[in-house]
Amino acid sequence: YRSPDQREIDDDQRELLHRSLTEYASTHSQGDYEVIAKVPELPERKDYPRGKPLSTEQWKNLQNHEGKIEDIEQIKLMIFRGGIAPNLRYEVWKYLLDYFPWDSTQAERQKLLYEKNDEYYCMKLQWKRMTKVQEDNFSDYRERKNLIEKDVNRTDRTLDFYAGDNNPNLQLLYDILMTYIMYNFDLGYVQGMSDLLSPILLLLKNEVDAFWCFVGFMNKISCNFDVDQAGMKEQLQNLHTLLGFIEPELVNYLDKHDSGNMFFCFRWLLVWFKRELSCEDVMRLWEVLWSGLPCDNFHLLVCVAILETEKQILIENNYGFTEIL
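The rules behind these values
- Residues numbered from 1 in each chain as written.
- Predicted model: local features only at pLDDT ≥ 70, side-chain atom pairs only at ≥ 80, totals over all residues.
- Heavy atoms only, no water.
- Patch = residues over 30% accessible without salt bridge, like charges linked within 9 Å, V, L, I, M, F, W, Y side chains within 5 Å.
- Areas by Shrake-Rupley, 256 points an atom, 1.4 Å probe, with all protein chains shown as cover.
- Salt bridge = Lys/Arg side-chain N within 4 Å of Asp/Glu carboxyl O.
- Helix = DSSP H or I, 4+ residues; strand = E, 2+ residues; numbered from the N terminus.
- Buried < 20%, exposed > 50% of the residue type's maximum accessible area, 1.4 Å probe, protein only.
- Arc of directions from axis to C-beta.
- Contact = heavy atoms within 4.5 Å.
- Expected span 1.5 Å × (residues − 1).

Named according to an unreviewed UniProt entry, the chain is TBC1 domain family member 15 originating from Asbolus verrucosus.

Now the structure itself:
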């Protein structure tokens, strides 16, 4: 029996489905995944060209007279398929990073801005008013402050926005990260966070807005900065599993060359390719990933795509552990 909304499948698809069901020779459990010992050949991959970026006109048309977004999933899908027009990012990023609720009205957002502004400067005053004696008696705070100072001085200094000596934007970067310590005492500051904040501040050019958007970003990937690195280890293991399904030959090669732990992808995952791509490409990639489509771990599939393009170079040159890293 087939209901009216079920579609017909052709003979090739039926045969592939049959092989998929019969060739699962054995399975074993790995965390939340069921790992298949033998998999069918994957069908030929289709080409899905990028769509056009979300435009100002489209953005306005999807809001009602109160400024509330009427079709949230449609907007997320448009962002996933084509990103956001650069002149619109200033507004839409605040939604993607949970600063503005998707279902909020213009009046509600205006009220929120006032509240978040007061909350930010209240936290900023907490560390601004800290005395030297307090700092001397607070080793964790002192260590985090020193690390922020070092990282800020070497973050994106080649970009005009952060270039030169006594750049006020570096001070903003520093102030926001110091305030984040007061916001999240348990996490504090970990190396790499300045890389995540930098493009946000560059785009928004507003201290308070950049802080709260940074908070939203950190809430999405805080597991990357676990003290025991449990979150990163899990992602690397999941990446190994995905790559093994799509490119088993490459995984076997990596395993035999002491690279099966995928540690050479650590930096990609830690700061979401921030140090690998240009600033514009990072912005475009991040907003796509923030859409949450098609799944929370889509960044792992991006890793797989990159590794797939490098497969022949790695294998043909017989790269070992050092070259791969």
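Next, the rest of the story.
(A) Representation of a nonpolar patch on the surface in the model. A contiguous nonpolar patch, built from F263, F321 and L325 and spanning about 320 Å² of accessible area, is present on the exposed surface. With respect to the helices, strands and loops of the structure, F263 is situated in the loop between α12 (248-256) and α13 (266-270).

(B) Seen up close, the pattern of salt bridges. By the definition in use, this model includes 18 salt bridges. Residue E135 is joined to K145 by a salt bridge in which the shortest nitrogen-to-oxygen separation is 3.0 Å. One end of the pair, E135, is in helix α6 (residues 132-136); the other, K145, is in helix α7 (residues 139-152), with 10 residues separating them in the sequence. Taken as a pair, E135 and K145 share a single burial class, namely buried. Salt-bridge contacts for D281 lead to R284; the nearest nitrogen and oxygen are separated by 3.7 Å. Within this pair, D281 and its partner R284 are both found in helix α14 (residues 279-290), separated by 3 residues, close to a single helical turn. A relative accessible area of 34% means that D281 is categorised as partly exposed. Given a relative accessible area of 39%, R284 falls into the partly exposed group. A cluster of three or more residues bridged by salt bridges with shared partners is formed by R89, E280, D281, R284 and E287.

(C) Local environment of α12. Taken together, the buried positions of α12 are L250, V251, Y253 and L254. Angular distribution of buried residues about the axis of α12 spans 160°; they occupy a single face of the element. On its buried face, α12 sits against α11 (230-246), α15 (298-316) and α16 (321-324). Just past α12, the residue D258 takes up positive phi, approximately 55°.

(D) Looking closely at α7. The terminal C-alpha atoms of α7 lie 20 Å apart, and with 14 residues this matches the ideal 20 Å at 1.5 Å per residue to within 8%. Those residues of α7 not exposed but buried are Y141, R144, K145, I148, D151 and V152. Relative to the axis of α7, the buried residues are bounded by an arc of 130° and lie together on one face. Every exposed residue of α7 that faces more than 90 degrees away from the buried side is listed here: E143 and K150.

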